[in-house]
Amino acid sequence: MDALLTALADPARWRLVRLLAERPRPVGVLAQLAEARQPQTTKHLQTLERAGIVTSQRTGQRRIYALQPAPLRDLAAALNRLADTADQVGGSRATYDRYGLGLRAERLAAEESGWADGRSFRFHRSLTGRPELVWRHLTEASLLARWWTPDDLRVSELVFEARPGGRIVQEYRDAEDADGSDLVAGRAEGLVEDVRPGERLTYRLSPVLPDGGIAFTAHVDLGLKPTDTGTDLDVHWRITDSTVDSADFIAGIEIGFGQSLDKLVAALAADPHDTDSADTRSAK
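Basis of the calculations
Residues numbered from 1 in each chain as written. Predicted model: local features only at pLDDT ≥ 70, side-chain atom pairs only at ≥ 80, totals over all residues. Heavy atoms only, no water. Helix = DSSP H or I, 4+ residues; strand = E, 2+ residues; numbered from the N terminus. Contact = heavy atoms within 4.5 Å. Axes fitted to C-alpha atoms, helices over the stretch in contact; angles between N-to-C directions. Parallel < 35°, antiparallel > 145°, perpendicular 65-115°, else oblique. Nonpolar A, V, L, I, M, F, W, Y, C, P; charged D, E, K, R; others polar. Buried < 20%, exposed > 50% of the residue type's maximum accessible area, 1.4 Å probe, protein only. Salt bridge = Lys/Arg side-chain N within 4 Å of Asp/Glu carboxyl O.

## Side note on the side chain of Glu106
No. 1: Mapped onto the elements of the fold, Glu106 is located in helix 6 (residues 92-109).
No. 2: Excluding residues that lie within four positions of it along the chain, Glu106 makes contacts with Trp115, Arg119, Ala247, Ile250 and Ala251.

## Looking at the packing of helix 1 (residues 2-9) against helix 2 (residues 11-22)
No. 1: Taken N-terminus to C-terminus, the directions of helix 1 and helix 2 make an angle of 95°; their axes are 5 Å apart at the nearest point. Viewed along their axes, helix 1 and helix 2 adopt a mutual orientation that is roughly perpendicular. Side by side, helix 1 and helix 2 meet where Thr6, Ala7, Leu8 and Ala9 of the first sit next to Pro11, Arg13, Trp14 and Val17 of the second.
No. 2: For the contact of helix 1 with helix 2, a count of residues per class yields six nonpolar, one polar and one charged.

## Here's the deal with unusual backbone geometry
No. 1: Unusually for a residue other than glycine, Asp152 sits at a positive phi of about 70°.
No. 2: Here the phi dihedral of Asp241 falls at roughly 55°; this positive angle occurs in a residue that is not glycine.
No. 3: The topology assignment puts Asp241 in the loop between strand 10 (231-240) and helix 9 (247-250).
No. 4: According to the relative accessible area criterion, Asp241 is partly exposed, its value standing at 43%.

## Structural notes on the pattern of salt bridges
No. 1: Inspection of every chain in the model, using the stated rule, returns 15 salt bridges.
No. 2: The residue Arg125 makes a salt bridge to Asp262 at a minimum N-O spacing of 3.0 Å. Placement of Arg125 in strand 4 (residues 120-127) and of Asp262 in helix 10 (residues 253-269) is noted, with a sequence separation of 137 residues between them.
No. 3: Under the relative-accessibility criterion, Asp262 is labelled partly exposed at 43%.
No. 4: A salt bridge links Arg196 to Asp194; the shortest N-O distance between them is 3.1 Å.
No. 5: Via salt bridges that share partners, Glu157, Glu171, Arg187 and Glu189 belong to a single interconnected network.

Below is the structure:
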């Protein structure tokens, strides 16, 4: 496939392919139609033949070249598969496009400081774990690291001190940036405000701009309620201190935190500790 793409990448060779798609032609005629010298045309045709795109045969004093359709169909099928993968419903490309729409709207709205103050976002998830288990996933750094980033990102630094006045640091990178050589995708710092184990957790968190300033402050309130099947989690985000540079961050809150919560749902569904606690309760 690499040889095929390399051969087709040259505009002069692509012109020859188009001419041969119409009918087989001799070298001399191809050179005339392509408005090129015959030695150059011969070299291009040899490259195409080595890549399997054309075939040739000698007829008297002339060499006739013809197009091989199969490699082009194989390439078209491979390109279609790539397009289908990128275009799949609910895939990464759909999220990218959705974020792009929000990004343009928020950038237009961000004309002056305070432009987004008072904006709020609400999230709800029904979780399979009991409140005590959900609380651990909300407050223990090792468990937070499993879900507290949007898709395609990974936690690279995390501090969460689950006490009033406790420090929060969240830094994340691209999930495929294994050695940390790419730019940091995001960093936020904040403080824990209210801690009621198994019931309520509130904190404020501010994304950090490249110059060290804050983009905005998010006041996050998480409420937990036990249910027959686990725990209902309600989350309320409220924005203050918004700067003009906060548009890119605010545009991603609904998508990004929603993806994080979906990962929390999956993490709790896979956590065996709640099964153990349920077995213990039923044995009493």
